[in-house]
Amino acid sequence: MSIINNILTYSDLFNEQAKTIDCYLSPIKRDTLIDYAIKLLSLSTVHEIYKEENVLWAFLTKEEKTLFNSLYQTITQKRQKNRISSCIINVRTSLNFFEYAFKNTTLNSSISESQQNVNVLKAYLLLNEKSNEERTLQEREYEIEEIMLHNALEHERYIDENLVYLRLVQLIKACIFFEFCEKNLPFHLKEFEKFYNISTWKTYIIYLHQIGMLIHEHNLEPPFITVSISEEDKDFIKKKDFLNKFCLQKYGWDDNQDYTALKNTPIIQSENNEYKIIFEEFFCEKVYQSLYFKFKEINNSFKETQAQFYIKNFRSYIGLEFSERSLTNQLLSNAFGNKYIQLNYENLQDGDIDYYIRNGKYIFLFECKDNLIGKDILEECNIDKFIQKLRELFIETNNNDKSRDKAINQLINNVEKILNKEYPDKKYNRKNCYIYPIIVTHNNIFSLTGVNAIVNNWFKKELSKRNITHPYIKELTIISIDTIALFQGIFAQKGFSIKDMINKYWKNYKSIENKKYPTAVDVIKDYPTKYQSFKKFVENSFHKKDLFTKEILKYSNFFNRE
């Protein structure tokens, strides 16, 4: 689900002059305000909260019935006039609200609970207003897919994550990473285990799996996820020390970009050895995504103390040796099984793609990209800067008057090699072979609505520039490594292969493109489906299938108690 709703602000609902955000929030006790913030964060990812009848649900109770009825009438009138639904809660504002709550120092509330509800609503609406003012499109003509991407940058991140899928895929990737470290980074791994005071990395997996079991799909029920540690637990001290490393410090807040503090420490400690998960998505992501940063920190410490273990250009090392050659190769091998012609870095040369598969006349070219988008760009949500960064990552980078081909041109270079039969595998007819260009990404920012359409347009333009007109070159598809990890077993089944799903994905895109609509509003309503990512398309297609194939179940051995 991609949200295309009108985000309501203070001036949309109130005619009176607004006070400052601090004026509304400072009379509310800090702990109460933090509880409000966690509740709003959790509800920000609940689909039902975006339905018009639930717009005010998170803020007002029966005691504020008069105000509720008045505001709801205003919201209904706006929808009838603009023919588009409105909402208040969104992830970005909820994250900003948490920052305000955490900085609050009020020890006791000086206003009634009913007035607190009203003040929180007004402060939240002002934060919406501030966000809207800071992030507007530039004065130029935008393509529909660019507008969809701008909306996705603002509101789609985290809102549409299946928490069960997210938690499972992070555990799978973490297990594969630790197995890689056992063979290739044993001294780094030893320092990691020492930091968390655990005897083996499997304990890290088990502890986080046990906490993650409390996380389920969101609904409108009380949203707090509380973790308690009994003092009678034989590992009480050990577990408490472990959890504390995930906790946001009680006071003090370093202003940071893209909510780094919350991503690093997505738990807050309350009383009686209880811990509250601030934002479930950040907690799930931390299971795997934080590992690179922790191992990088350990690697940097080796530079002065144990230089023999220090790895120069650690980012490049992990990107090449783990992301491309270990993780991607292992998962693609599982997804395709021991079938077809498969070539990887061991069989291919510099300048070739990262993974090659041929099934008869069907050729798949996989280019792996383990890139990041800068925090400043994500925080600013500037669509023009974001698209420019996409160009640099996917077309070419210019440094010191030298250009370097990126994923799109690398794929096209290899398309030409296929057509010229310059690959080790030559047992195909180049006149009737079907070529599937695929970019495998390791960052789900590239699975936002609109990205694949934009990158595919660039791919087709680059093909045209080179006068490559082979009739069976397929659309370029961006596939998240998470999609391959999660559905590796299903992809190995008949009728659900990566080829089948790519064909269905682009058939869906083109069917909507050619569809006749009675009104412009109906067209807009179908945009999220048309420009959805391959990741989202596959998740929606497979949501009723049994996820726990033998390829997935083998990782469950790591989740059992020691």
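Right, let's walk through the structure included here.

Things to note about the overall build of the chain
If you tally the helices and strands in the chain, you get 23 helices and 12 strands. The C-alpha radius of gyration computed for the chain amounts to 25 Å, which stays within 12% of the reference 24 Å derived for 562 residues, consistent with globular compactness. C-alpha atoms of the chain, sized along the principal axes, occupy 80 × 65 × 50 Å. Counting every position in the chain, which comprises 562 residues, the buried fraction comes to 56%. A separation threshold of at least 6 residues defines the contact pool for the chain, and within that pool the share at least 24 residues apart is 76%.

Digging into the sheet that holds strand 8 (residues 362–369)
On the basis of which strands lie adjacent, the open sheet formed by five strands has the order 6-7-8-11-12 and mixed pairing. In the strand order of this sheet, the two ends are held by strand 6 (341–343) and strand 12 (477–480), each with one partner. Averaged over all pairs of adjacent strands, the angle between strand axes in this sheet comes to 20°, irrespective of strand direction. Relative to strand 8, strand 7 (residues 355–359) runs antiparallel, the two being bridged by five bridges. In the strand pairing of strand 8, Tyr356 is matched with Leu365. Packed onto the sheet, helix 18 (residues 451–465) meets strand 11 (434–441) and strand 12 and runs at close to 140° relative to strand 12. Contacts between helix 20 (residues 498–513) and the sheet are confined to strand 8, strand 11 and strand 12, with strand 11 contributing the most and set at about 90° to the helix.

Quick word on the nonpolar core
Phe178 and Tyr204 are the most contacted members of the largest nonpolar core, which totals 89 residues. Top contributing element to this core by residue count: helix 8 (residues 163–184), with 14 residues. Sequence-distant contacts of Phe178, defined by excluding residues within four places in its chain, comprise Leu189, Phe192, Trp201, Tyr204, Ile205, Leu291 and Phe295. In this structure, Ile21, Leu33, Ala58 and Val120 belong to the second largest nonpolar core, which totals 50 residues.

Some words on the state of the cysteines
Throughout the structure, instances matching the rule amount to zero disulfides. With no disulfide of its own, Cys87 lies 15 Å from the sulfur of Cys381, the closest cysteine sulfur. Take Cys87: its relative accessible area is 1%, and that puts it in the buried class. In this structure Cys368 is a free cysteine whose sulfur lies 17 Å from that of Cys181, the closest cysteine sulfur available.

Notes on the sheet that holds strand 4 (residues 267–269)
Sheet strands associate in pairs through backbone hydrogen bonding, adopting either a parallel or an antiparallel arrangement. Read from one edge of the open sheet, three strands run 3-5-4, paired in antiparallel fashion. Looking at which strands have only one partner, the edges of the open sheet turn out to be strand 3 (226–228) and strand 4. Neighbour-to-neighbour, the strand axes of the sheet open up by a mean angle of 30°, direction not taken into account. With three bridges joining them, strand 3 and strand 5 (residues 274–277) adopt antiparallel strand pairing.

Notes on the pattern of salt bridges
Scanning all chains against the criterion turns up 26 salt bridges. Residue Glu551 is joined to Lys550 by a salt bridge in which the shortest nitrogen-to-oxygen separation is 3.0 Å. Residue class for Glu551 comes out buried when judged on its relative accessible area of 11%. Given a relative accessible area of 66%, Lys550 falls into the exposed group. Residues joined by salt bridges that share partners form a network here, namely Lys460, Glu475 and Lys510.

Considerations on the layout of surface pockets
As a volume, the second largest pocket reaches approximately 810 Å³. Lining the second largest pocket are 27 residues; nearest its centre among them are Leu320, Glu324, Asp354, Glu367 and Lys369. At the level of elements, helix 14 (314–336), strand 8, strand 10 (402–405) and helix 17 (407–419) are the ones that each hand at least two residues to the lining of the second largest pocket. Here the lining of the second largest pocket gets seven residues from one element, more than from any other, and that element is helix 14. Grouping the constituent residues of the lining of the second largest pocket by class yields six nonpolar, nine polar and 12 charged.

So, helix 8
With 22 residues, helix 8 should cover 32 Å at 1.5 Å per step; its first-to-last C-alpha distance of 31 Å lies within 8% of that length. The element helix 8 is largely enclosed, with a buried count of 17 among its 22 residues. Put simply, Asn162 is the residue that caps the front of helix 8, since its side-chain oxygen is 3.0 Å from the backbone nitrogen of Val164.

Here's the deal with the packing of helix 13 (residues 280–305) against helix 14
A pair of packed helices can be characterised by two numbers: the angle between their axes and the separation between those axes. It is the contact of helix 13 with helix 14, at a shortest axis distance of 11 Å, that shows an interaxial angle of 135°. What the angle tells us is that helix 13 and helix 14 run oblique. As helix 13 runs across helix 14, the sense of the crossing is right-handed. In this structure, helix 13 uses Tyr288, Tyr292, Phe295, Lys296 and Asn299 to contact helix 14, whose residues at the interface are Phe314, Arg315, Ile318, Phe322 and Leu327. Looking at side-chain class alone, the contact of helix 13 with helix 14 contains seven nonpolar, one polar and two charged residues.

Here's the deal with helix 5 (residues 91–103)
Compared with an ideal rise of 1.5 Å per residue, which puts 13 residues at 18 Å, helix 5 spans 19 Å between its outermost C-alpha atoms and is within 8% of the ideal. Most of helix 5 is tucked away: 11 of the 13 residues are buried.

Criteria and cut-off values
Residues numbered from 1 in each chain as written. Predicted model: local features only at pLDDT ≥ 70, side-chain atom pairs only at ≥ 80, totals over all residues. Heavy atoms only, no water. Helix = DSSP H or I, 4+ residues; strand = E, 2+ residues; numbered from the N terminus. Rg over C-alpha atoms; globule rule 2.2 N^0.38 Å. Buried < 20%, exposed > 50% of the residue type's maximum accessible area, 1.4 Å probe, protein only. Contact = heavy atoms within 4.5 Å. Pairing = 2+ DSSP bridges. Axes fitted to C-alpha atoms, helices over the stretch in contact; angles between N-to-C directions. Core = buried A, V, L, I, M, F, W, Y, C linked by side-chain atoms within 4.5 Å. Disulfide = S-S within 2.5 Å. Salt bridge = Lys/Arg side-chain N within 4 Å of Asp/Glu carboxyl O. 1 Å grid on protein atoms, 1.4 Å probe; cavity = no way out; pocket = protein on both sides within 12 Å on 5 of 7 lines; lining within 4 Å. Points joined across faces, edges and corners; volume = space filled by probe spheres on them. Nonpolar A, V, L, I, M, F, W, Y, C, P; charged D, E, K, R; others polar. Expected span 1.5 Å × (residues − 1). Polar contact = N/O pair within 3.5 Å; in protein donor to acceptor, adjacent residues only side chain to side chain. Parallel < 35°, antiparallel > 145°, perpendicular 65-115°, else oblique. Left-handed = near helix turned anticlockwise from the far one by under 90°.

Geometric descriptors of this kind do not, in isolation, establish any biological role.
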